[in-house]
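# Observations on the three-dimensional arrangement
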Amino acid sequence: MAAAPGRRRPAVLLWAAVCLATALAVDRSNFKTCEQSGFCRRQRGLQPGHSPYRALLESLQLGPDAARLQLVNEVTKVPLLLELWGLQGNVTRIRIKELNPLRPRFEVPDVLVAEPPVERLAVTGRDEGSLELSLGPAGHRLLVTEKPFRMDLLQGRELLCSVNARGLLFFEHLRQRRDSDTPREPTAEEGGAAEGQEETTGGTEDAGTQSEKPTEATAEAAEEPGSWEETFKTHTDTKPNGPTSVGLDFSLPGFEHVYGIPEHADSLRLRTTEGGDPYRLYNLDVFQYELYNPMALYGSVPLLLAHSARRTLGIFWLNAAETWVDISSNTAGKTLFGKLLDYMQGGGETPQTDVRWMSESGIVDVFLLLGPTPAAVAGQYAALTGTQALPPLFALGYHQSRWNYNDEEDVAAVERGFEEHAVPCDVLWLDIEHADGKRYFTWDPSKFPRPRDMLQRLAAKKRKMVSIVDPHIKVDSGYRVHNELRSRGFYVKTKDGSDYEGWCWPGSAAYPDFTNPEMRAWWASMFAYDQYEGSTENLFTWNDMNEPSVFSGPEVTMHKDAVHHGGWEHRDLHNLYGLYVQMATAEGQIQRSGGQHRPFVLSRAFFAGSQRYGAVWTGDNAAEWEHLKISIPMCLSFGLAGLSFCGSDVGGFFKNPEAELLVRWYQAGAFQPFFRAHAHLDTARREPWLFGEENVALIRAAIRQRYALLPFWYTAFYRSHRHGLPVMRPLWMEYPEDATTFAIDDQYMIDRALLVHPVTEQGARGVQVYLPGKGEVWYDVASLQKHHAPQTLYVPVTMSSVPVFQRGGTVVPRQERVRRSTECMRGDPFTLYVALSPQGTAEGDLFLDDGQSFDYETKARYLHRQFTFAGNTLTASSADPRGSFDTPAWLERVVILGAGKPAAVVLRPADGSETRLDFQHEAETSVLTLRKPGVRIGDDWAIVLR
Ligand SMILES: *[C@@H]1O[C@H](CO)[C@@H](O)[C@H](O)[C@H]1NC(C)=O
């Protein structure tokens, strides 16, 4: 739903601005550049090669878990504490904080799922200027150099990553304000956080020493205007703690390709930021975002991946404050030929990418994920932050949304439309207008007088509904939710201790403090059926505007000096706010079912770990071909950062799509994890049947393709939930050695079996599809024709084409009966598409459970089946004997791609009997279709081709 169209305009103009929405583009001046962000400017002012830091090697303490030693800034003399851990599974953690901070500094809670088990560290070498630590059994070693301080991480003789090699470690220690001529009242934040800290302020004298030595960057910072107060446009950020930023650089020799750090509307492969702004991570409600730039958007995951043909690495920078990431490369701007020439002439240096992280507050807490493969890095990140929650099956179906479905009659009419046009649909959505005056947890009494009846009518058709519940709460003494939040003291506070209020959809609004666990428990309790009146089991939730969006705030968000639970400033945890909203909402849905049912919550803002709570989408895009195109790299980048359940508004949120764009978007969206059409209030209605017979037929076909593949999607989500690999993934995750795949933005894999290249060009007659894998084969899912790889294949397209290829060597399960919704497909028979490798083998799996409860986890009620084709025999066995689940579903058909014509086909069920099966063989395409094996999908059996 919408960004704030009239963010800086008086409220009366808000609606006028909404109506002009289609004529506007992002107003860049609403958002800070690095130059306008004090700490970013200060940090960028520090040039490489001048690190004032020295490691006090003699201070090394080797504990049973960690190594600790001191760093000292030789100019200010402020000591820092460096802590090092070798974590199991090839992860090194580095933490740097002040040895004696004036006050505690924020350390990000609730993101790590567990403190991972540690490896024993050992000192394996030492001389006067350096120290070598071994980090565990995989042969990783860390070389710590005293002066200037740097660290080099090696495996054997290979240098994987250097830390502070460019000397950009930046640590603005907490200090007293020097200009005593402007005395201030202590703020609520200082009062709270400084309690009991007075005795331990070993660093206080440093504040005095630095004025004498203003030569060093941190000392200069204190001088710089903006260090203790910063004004952007009309907003002044008081900074009671002064400058508190941290920064560090990482050098990655051998890497030319880096990815991740969503959310940006940019190519999958990150670009160098030299000469421009760094990539920014600061959750913001950006109205009509621009493409291909590093501006911040709604969510942030501070995880960067580096990939080369030889290895994959990750850098996870655990900091929830505003963060900027600079990327530079020694090969930037050189063509492939230029690099080759360099290399042949012997003048070529090793390619290297340098990454610099800069955060406004908190500490340096970074995890180096050492791979070595893309899958290993995904697993390492998942071990830290958790995996994608397994969605309820319905959530993988098609979602129909717009701002707004007006009333109960409108909902009924839209639902009937799906029925009449035989288009499957699982969920109808209600945006902000459904609530009574934007008072969430309520219904507009004239438009939605009988929500329970409406929901029951949907339930009777086996459909669901999602209603929006945003975190801005209308300040209105007649509104129970507001009164409770206020009386319990659950709102975020201003620096002066009053409830923080801002302007948002309901007018004046306050913001529940989701960082407070008590507040979250209360919020969760609001989803109980007797608290959220009119709600039923088939009502789920959408958390929008949770950056949080504050129309009247700086950069359309909350003031950084607002104060949260525990006295922390909003500055410290801004990027975490949205995660907590989704966490508390998901918890509420679980609780309302007595812990039985899996939640579904869509969130616009997110942080590392948000994958544990539901789905995310790319926010308020536009009905433009370029926006359709960029949905692919954006969702791929989400997936690399653990957020598998990603989609973009089908059709585009702003503006009206022409029929061709809408159809192409449905076709693309059907092959993205979260599949929802959504539209702005001002756009023309665009339900699938409003574009003529021909187009509804195309859209129907696209949505039906989605439903037929749901068993495959669901199984992919299950494995993502177990192992942390993204469902939608870049080709290079499957073909890590194939450099051709490293910068591909227009095609991707779903799981390991399907390659998708949606048509995203207007008037396209054909697409160029790159089929990777030396010696592999691919089968066009539409024609079943076989193609050899690697090759770039020209695929002619018509309006009905969605180029999708099944990888030789895989088995894809489908359910091909057309139904109204996922719930209606329960128990339907399966078809297996067995795509043979050149060696005549294939394998795949199928996960099955009730699609909605936690029973798969708590009671082992599931089936995980394995299908293997080898030696002319297709075998069904259990992939996981721990699970069991009763289902009447049976095997209706087997389609074997790339098969010769057999003399006979024999089915051997587990009872040892043998039956002949009917079959049909198409010589031209080598497709063998076996009819009605009729065995139960949960049984063991074999089918032999003779
Ligand atoms: C750790 O790294 C070693 C060496 O690169 C590799 O053999 C091993 O599989 C990795 N372990 C994990 C859990 O990724």
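Please read these numbers as outputs of a predicted model, since none were measured by experiment.

Calculation notes
Residues numbered from 1 in each chain as written. Predicted model: local features only at pLDDT ≥ 70, side-chain atom pairs only at ≥ 80, totals over all residues. Heavy atoms only, no water. Helix = DSSP H or I, 4+ residues; strand = E, 2+ residues; numbered from the N terminus. Rg over C-alpha atoms; globule rule 2.2 N^0.38 Å. Buried < 20%, exposed > 50% of the residue type's maximum accessible area, 1.4 Å probe, protein only. Contact = heavy atoms within 4.5 Å. Lys, Arg positive; Asp, Glu negative; His and termini not counted. Charge placed at Lys NZ, Arg CZ, Asp CG, Glu CD. Salt bridge = Lys/Arg side-chain N within 4 Å of Asp/Glu carboxyl O. Pairing = 2+ DSSP bridges. Near = heavy atom within 4 Å. Polar contact = N/O pair within 3.5 Å; in protein donor to acceptor, adjacent residues only side chain to side chain. Nonpolar A, V, L, I, M, F, W, Y, C, P; charged D, E, K, R; others polar. UniProt positions renumbered as here; feature names shortened; annotations may be inferred. Axes fitted to C-alpha atoms, helices over the stretch in contact; angles between N-to-C directions.

## So, the overall build of the protein chain
- Per the secondary structure count, the protein chain includes 19 helices and 50 strands.
- The globule rule puts the C-alpha radius of gyration for 946 residues at 30 Å, and the 29 Å found for the protein chain is close to it.
- C-alpha extents for the protein chain along the principal axes are approximately 90 × 75 × 50 Å.
- Residues classed as buried in the protein chain amount to 64% of the 946 residues present.
- By sequence separation, contacts in the protein chain at least 24 residues apart represent 72% of the contacts at least 6 residues apart.
- Within the protein chain, the 120 negative side-chain charges are centred at a point lying 5 Å from the centre of the 97 positive side-chain charges.

## Here's the deal with the pattern of salt bridges
- Evaluation of the coordinates by the stated rule reveals 70 salt bridges.
- Across the pair arginine 271 and aspartate 266 runs a salt bridge whose closest N-O atoms are separated by 2.6 Å.
- On the accessibility criterion, arginine 271 (38% relative accessible area) is partly exposed.
- Look at aspartate 266 and you get buried, because its relative accessible area is 2%.
- One connected set of salt bridges, linked through shared partners, spans Asp237, Arg280, Glu322, Glu360, Glu555, Lys560, Glu569 and Arg571.

## What about the sheet that holds strand β32 (residues 728–729)?
- Strand order across the open sheet formed by six strands is β32-β33-β34-β39-β36-β37, with antiparallel pairing between neighbours. Single-partner strands in this sheet number two, and they are β32 and β37 (786–788).
- Sheet analysis places strand β36 (residues 777–780) next to β37, joined by three bridges and oriented antiparallel. In the sheet register, tyrosine 779 faces β37, and the bridge partner there is lysine 786.

## Looking at the site of the ligand
- Taken together, Gly89, Asn90, Ala138, Gln155, Gly371, Pro372, Ala376 and Gln380 make up all the residues around the ligand.
- Within the side chain of glutamine 155, an N or O atom sits 3.1 Å from an oxygen atom of the ligand.
- Within the backbone of glycine 371, an N or O atom sits 3.4 Å from an oxygen atom of the ligand.
- Looking at the shell around the ligand residue by residue, the classes come out as three nonpolar, five polar and no charged.

## Quick word on the UniProt feature "domain: Glycoside hydrolase family 31 TIM barrel" (unreviewed entry) in the protein chain
- With numbering matched to this structure, UniProt assigns "domain: Glycoside hydrolase family 31 TIM barrel" (unreviewed entry) to residues 389–716.
- Secondary structure across residues 389–716 divides into 34% helix and 12% strand, with the first and last C-alpha atoms of the span separated by 12 Å.

## Here we look at helix α11 (residues 517–525)
- Among the residues of α11, those classed as buried are Met519, Arg520, Trp522, Trp523 and Ala524.
- Sitting at the amino-terminal end of α11 is asparagine 516, which places a side-chain oxygen 2.9 Å from the backbone nitrogen of glutamate 518.

## What to know about the pairing of strand β6 (residues 130–134)
- The element β6 is largely enclosed, with a buried count of five among its five residues.
- Side chains of β6 alternate between two faces, with Ser130, Glu132 and Ser134 and Leu131 and Leu133 buried alike.
- With five bridges joining them, strand β5 (residues 122–127) and β6 adopt antiparallel strand pairing. Each residue of the ladder has a partner; that of valine 123, found in β6, is leucine 133.

## Remarks on the sheet that holds strand β4 (residues 91–98)
- In space, the eight strands of this open sheet follow the order β1-β2-β3-β4-β20-β17-β16-β14, with antiparallel pairing throughout. Each edge of the sheet is formed by a strand with only one pairing partner; in this case those strands are β1 (53–62) and β14 (257–260). With strand direction ignored, the average angle separating the axes of adjacent strands in the sheet is 20°.
- Sheet topology places β4 next to strand β20 (residues 364–369); six bridges connect them, and they run antiparallel.

## Quick look at unusual backbone geometry
- Of note, the amide linkage connecting glutamate 547 to proline 548 takes the cis form, showing an omega dihedral of 0°.
- Note that proline 548 resides in the loop between β27 (539–543) and α12 (570–573).
- A cis amide bond links alanine 789 with the next residue in sequence, proline 790, at an omega value of 0°.
- Locating proline 790 in the fold gives a position in the loop between β37 and β38 (791–796).
- A positive phi angle, near 55°, is found at alanine 422, a position not held by glycine.
- Note on placement: alanine 422 falls in the loop between α8 (408–420) and β22 (427–430).

## A short note on the pairing of strand β43 (residues 863–870)
- The sheet contact formed by strand β42 (residues 842–848) and β43 spans seven bridges and is antiparallel. Following the sheet pairing, leucine 848 is matched in β43 by leucine 863.
- Alignment of β43 against strand β44 (residues 873–878), held across six bridges, turns out to be antiparallel. Each residue of the ladder has a partner; that of threonine 868, found in β44, is threonine 875.
- Where β43 hands over to β44, the hairpin turn is made up of two residues, of which glycine 871 adopts a positive phi near 55°.

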